[in-house]
Amino acid sequence: MIISGAGGIVGAGKVMQFASRLIDFNVPIIALDLPGAPNGIAKQYKGLQASFGTEKANKIMGNVIQLNYDGNTLPPTLKQFNPKFLIEAIPEKLELKKAHYALFRKEFPNIHIWSVTSGFPANELGVGIAHPAFPHEVNKVYEIVEDNPSAHTHLLWAMGLIPMQVSDDWSFVLDVFFCGLLQASIQFCNKTNTPYWKADKYIRQILGPNPFRAHDVIGAKGANFLTWSCLYHLGKKYGALFAPAAALTERKDSGQSWYPVNHFRPLVNWQLEGNQEEELKAIVYGALIQMTTIMLHEKRADLTTMNAIGELCAQFTNGLPAFIRKIGTQQAIAWVEKYHRLVPAAANTQWYPETIQNLHTSEWQQLYVNAEHDGTNGFIAISRESYNYDVNEELNRAIDWLHLEGIKKVVLTSDFHFSTQMVGADTTEFFAAINDSSIGEQISSDWSKTARRLYDEFEISIGFVNGKRCMGGMLELMMHCQYLIATDQVRFAMPEVTLPVIPGMEGCHWVLRKTEKSNQSKMLEMLMHGQQLSAKQATGFLVDFCGNIKECLAMVKSILSNGENALPKRKIVGEAMHDIATEIHKIRLSDVPNIQAAQKEIAGCVLASCASSVDEALFVQAKMSANFMSGQLFRKGKIGTEYDKITQN
């Protein structure tokens, strides 16, 4: 495999991503670039050490062969490697790219070429597209342009990467969102004379990302050029909605960052004045909604994919389809109309309000949770890595639909494509509970009631975990299934004590009610110390069966067919469990004051919820979890600190 332009940010990231995954298969990575190009590969070494340890990091680097060329002829030594696959990451200049492909095809006629371009479609380049999301060494998502998955796309899947199918249009999906957001943000700053860093603070509050800071972090000179290039070509096709603002063009030419060096943001609490915050929402929401309708009209991706790209790659708190669904058609149209009044030039460009008229359809209603059945067995897949109210509502709709279809057996799992891990609850959902404990109580009780449906409303329910990890709120959800099956590589954790937060989805009592007394201490250790356990270590008290993927799928099939004859089901103890106090007092406490304080709070919730009947415990733990979120210990922790960082202007 060759990666050209390997010294740049994108190319170096791809070298590390592929080298670390192909090392065990003895596939060398040829890193090709011009002499004197930035040595981005060397900068990746510390990241490799942190992820794999020094020994494996050295092995990975040893399998990367760095070669230079003059841009016009390929190094003769390249032939001895007989390359089959080229990933091109050279600068975003169309004719330069085409000449680059011609050079390789002349020497290696059968080589397969993918471009990581942000903007040029395949029909312009004449090669395949595999556009990766930033950060390039970490984010696993690739936008792929092809009618059907190729062998090379299967390779991405096999390596644990996430290919997402998009149509062959300028800038695909991700960079319409990423670049379009910067464009709208500049429009707001120009209109209100707001500093870029101040706009970033408010945009983070209402949407999730920091568009200006993101460009500086990537590298202002390169990122500004890529965004300018995307917007320039989008502007030629769609007009003023995308045509790059003068401030971006200036920075594209100068390489200037958006944030000044040692800027004074931390020293200033500068509020937006009058109706400026409303104007910000109108411009940012309006522009992004208009852009989304264009992509919907063109069918650039299915709704689930488009939504996932917005969240996983553009870092939106809610993807644009989910956001539009939440506010409704009428409000979405109103935002666009207000945007057009504030930025009249955008009113003369395309937009398609009819694409957001049917939000009640199943495609719009199941953006995160998909349900299917074969006539006997139901299958529910969650494609979001963190649990939020949208997932909760969609999961309820999926369960309701399976009941209507007469399905009495169900398997709950993460989506095998979009979601390679289940990281827990979306902690941004807890922000509102900081100042209103009733909101926290509502979240905890609503989510717990949904989780209980998996145990109460099916003859058989199986949670199947296949991926890297299952933690926190997602683990609390999965443990409500009558059976929990996990593949060997899964790591489990209840990290709430480190945040800190009291588990609010019945993690303080549910699994203890189905665990033999001799194993309860293991679950209490997880709760009190937040350490990770492998699936094998968790078997017997948290996990009912673990094995390789084939063994696990065979067990799932056997349970669906034979029930408890295949694997005994652990029953929930419905009455109060007063003897849990003996076990919890044996758990050692941390020497770190804040951790120790959190441990005591969690222990209190365990004691109170276990001392109640199973019916009462739901409300006991919901109230205690909510009260904790409105307290000082929570406010000083990771979630509370993040809340202050986002909301403090």
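Residues numbered from 1 in each chain as written. Predicted model: local features only at pLDDT ≥ 70, side-chain atom pairs only at ≥ 80, totals over all residues. Heavy atoms only, no water.

All right, on to the overall build of the protein then. A tally of regular secondary structure across the protein gives 26 helices and 19 strands. Expressed along its principal axes, the backbone C-alpha trace of the protein runs to roughly 75 × 65 × 55 Å. Across the 649 residues in the protein, those meeting the buried criterion constitute 58%. Taking as baseline every contact in the protein between residues at least 6 positions apart, the subset at least 24 positions apart corresponds to 73%. In the form shown here, the protein has an accessible surface area of approximately 26600 Å², with 51% of it arising from carbon and sulfur atoms. Positive and negative side-chain charges in the protein, numbering 60 and 65 respectively, have mean positions lying 5 Å apart. (Helix = DSSP H or I, 4+ residues; strand = E, 2+ residues; numbered from the N terminus. Buried < 20%, exposed > 50% of the residue type's maximum accessible area, 1.4 Å probe, protein only. Contact = heavy atoms within 4.5 Å. Areas by Shrake-Rupley, 256 points an atom, 1.4 Å probe, with all protein chains shown as cover. Lys, Arg positive; Asp, Glu negative; His and termini not counted. Charge placed at Lys NZ, Arg CZ, Asp CG, Glu CD.)

Once that is clear, we can look at the domain arrangement of the protein. What the domain assignment reports for the protein is domain 1 (2–165), domain 2 (173–263 + 270–356) and domain 3 (368–644). On a C-alpha basis, the centres of domain 1 and domain 2 stand 29 Å from each other. With 13 residues of domain 1 in contact, the opposing surface of domain 2 contributes 17 residues. Sorting the residues of domain 1 by area buried against domain 2 places Phe134, Glu143 and Met164 first, and these three jointly supply 35% of that buried surface. Taken together, the links from domain 1 to domain 2 amount to zero salt bridges. Our count for the contact surface shared by domain 1 and domain 2 stands at four residue pairs in polar contact (both at pLDDT 80 or more). Of all the secondary-structure elements, those providing two or more residues to the side of domain 1 that touches domain 2 are β7 (141–145) and β8 (162–165). Grouping the amino acids of the side of domain 1 that touches domain 2 by side-chain chemistry returns six nonpolar, five polar and two charged. (Domains from an automatic or database assignment. Buried area = accessible area lost by both parts, 1.4 Å probe. Salt bridge = Lys/Arg side-chain N within 4 Å of Asp/Glu carboxyl O. Polar contact = N/O pair within 3.5 Å; in protein donor to acceptor, adjacent residues only side chain to side chain. Nonpolar A, V, L, I, M, F, W, Y, C, P; charged D, E, K, R; others polar.)

Once that is clear, we can look at the layout of surface pockets. When its volume is computed, the second largest pocket comes out at roughly 240 Å³. Elements with a contribution of two residues or more to the lining of the second largest pocket: β8, α12 (303–312) and β9 (369–373). Among the elements that make up the lining of the second largest pocket, the one with the highest residue count is β8 (three residues). (1 Å grid on protein atoms, 1.4 Å probe; cavity = no way out; pocket = protein on both sides within 12 Å on 5 of 7 lines; lining within 4 Å. Points joined across faces, edges and corners; volume = space filled by probe spheres on them.)

Time to look at a nonpolar patch on the surface. A surface patch of nonpolar side chains, amounting to about 280 Å² of accessible area, comprises Phe416, Ile549 and Leu553. Relative to the elements of secondary structure, Ile549 occurs in helix α21 (residues 549–562). Residue Ile549 is classed as partly exposed on the basis of its relative accessible area, which comes to 34%. (Patch = residues over 30% accessible without salt bridge, like charges linked within 9 Å, V, L, I, M, F, W, Y side chains within 5 Å.)

Attention now goes to the packing of helix α13 (residues 320–327) against helix α16 (residues 389–404). For any two helices packed against each other, the geometry comes down to the angle between their axes and how far apart the axes lie. Contact pair α13 / α16: the axes reach a minimum separation of 12 Å and the direction vectors enclose 80°. As judged from the angle between their axes, α13 and α16 are roughly perpendicular. For the pair α13 and α16, contact is made by Ala322, Arg325 and Lys326 and by Asp390, Glu394 and Arg397, respectively. Among the residues forming the contact of α13 with α16, the class breakdown is one nonpolar, no polar and five charged. (Axes fitted to C-alpha atoms, helices over the stretch in contact; angles between N-to-C directions. Parallel < 35°, antiparallel > 145°, perpendicular 65-115°, else oblique.)

We now examine the pattern of salt bridges. Pairing of side chains with opposite charge becomes possible as their charged atoms draw close. Taken as a whole and assessed by the stated rule, the structure comprises 20 salt bridges. Look at the salt bridges and you will find they share partners, linking Glu88, Glu92 and Lys97 into a network.

With that settled, consider the packing of aromatic side chains. Under the definition given, this model contains 19 aromatic pairs. Ring centres 5.6 Å apart and planes at 75° place the aromatic pair Phe177 and Phe316 in the edge-to-face group. With Phe177 in helix α7 (residues 174–192) and Phe316 in the loop between α12 and α13, this pair connects stretches of sequence that are 139 residues apart. Taken individually, Phe177 and Phe316 each receive the classification buried, so the pair is uniform in this respect. Counting every residue linked through ring pairs, the aromatic cluster contains Tyr387, Tyr389, Phe430 and Trp447. For the cation-ring pair, Arg213 lies above Tyr259, with the distance from its terminal atom to the ring centre recorded as 5.2 Å. Note that Lys252 overlies the ring of Trp228, its terminal NZ or CZ placed 4.1 Å from the centroid. (Phe/Tyr/Trp six-rings, centres within 6.5 Å; stacked < 30°, edge-to-face > 60°. Lys NZ or Arg CZ within 6 Å of the ring centre and 35° of its normal.)

Its 14 residues place the ends of helix α14 (residues 329–342) 20 Å apart at the C-alpha level, agreeing with the 20 Å of an ideal helix rising 1.5 Å per residue. Among the residues of α14, those classed as buried are Thr329, Ala332, Ile333, Trp335, Val336, Tyr339, His340 and Leu342. Residues of α14 that are buried in the fold lie against α7, α11 (276–298) and α13. (Expected span 1.5 Å × (residues − 1).)

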